[in-house]
Amino acid sequence: MSAVIIFWSLLAAQLMLVAAMGCTVYRLLVGPRAQDRVLATDALYLNSMLLLLTFGMRTGTIIYFEAALIIALLSFVGTVALAKFLMRGEVIE
């Protein structure tokens, strides 16, 4: 009984994350300003990381968790670099 509930709840979470990724791709393509596109990119990174985590929970393999950790680290650095570029016009001083 418990395994069935976990299976269906993870499936529902994955479907909702895919829908959220679709919304962020729309904002990434249509966003009127560059700040909207940066936030959409960050949200897309976050949704993909969470989708990998749910895949890891469903399959029970550790490689998905490591990939999610790498995506989390790269997304933070990328978002900070893009925000600094939008504020100052250059990343490295």
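The rules we used
Residues numbered from 1 in each chain as written. Predicted model: local features only at pLDDT ≥ 70, side-chain atom pairs only at ≥ 80, totals over all residues. Heavy atoms only, no water. UniProt positions renumbered as here; feature names shortened; annotations may be inferred. Helix = DSSP H or I, 4+ residues; strand = E, 2+ residues; numbered from the N terminus. Axes fitted to C-alpha atoms, helices over the stretch in contact; angles between N-to-C directions. Parallel < 35°, antiparallel > 145°, perpendicular 65-115°, else oblique. Nonpolar A, V, L, I, M, F, W, Y, C, P; charged D, E, K, R; others polar.

The chain appears in an unreviewed UniProt entry as K+/H+ antiporter subunit F from Falsochrobactrum shanghaiense. Looking at the chain in UniProt, the text filed under Subcellular location (unreviewed entry) is "Cell membrane". In UniProt, the chain has this text filed under Sequence similarities (unreviewed entry): "Belongs to the CPA3 antiporters (TC 2.A.63) subunit F family."

Novice: Which parts of the structure should I look at to understand the UniProt feature "transmembrane region" (unreviewed entry) in the chain?
Specialist: UniProt annotation of "transmembrane region" (unreviewed entry) refers to residues 6–26, 38–56 and 62–87 when read in the numbering used here. Along residues 6–26, the helical share is 100% and the strand share 0%, with 30 Å between the first and last C-alpha atoms.

Novice: Honestly, the packing of helix α2 (residues 34–59) against helix α3 (residues 63–88) in this entry has me stumped. Any pointers?
Specialist: Each pair of packed helices can be described by the angle between their axes along with the distance between the axes. Two elements in contact, α2 and α3, have axes separated by 9 Å at closest approach and are oriented at 175 degrees. As the angle between them shows, α2 and α3 are arranged roughly antiparallel. Partitioned by chemical class, the residues of the contact of α2 with α3 number 16 nonpolar, six polar and one charged.

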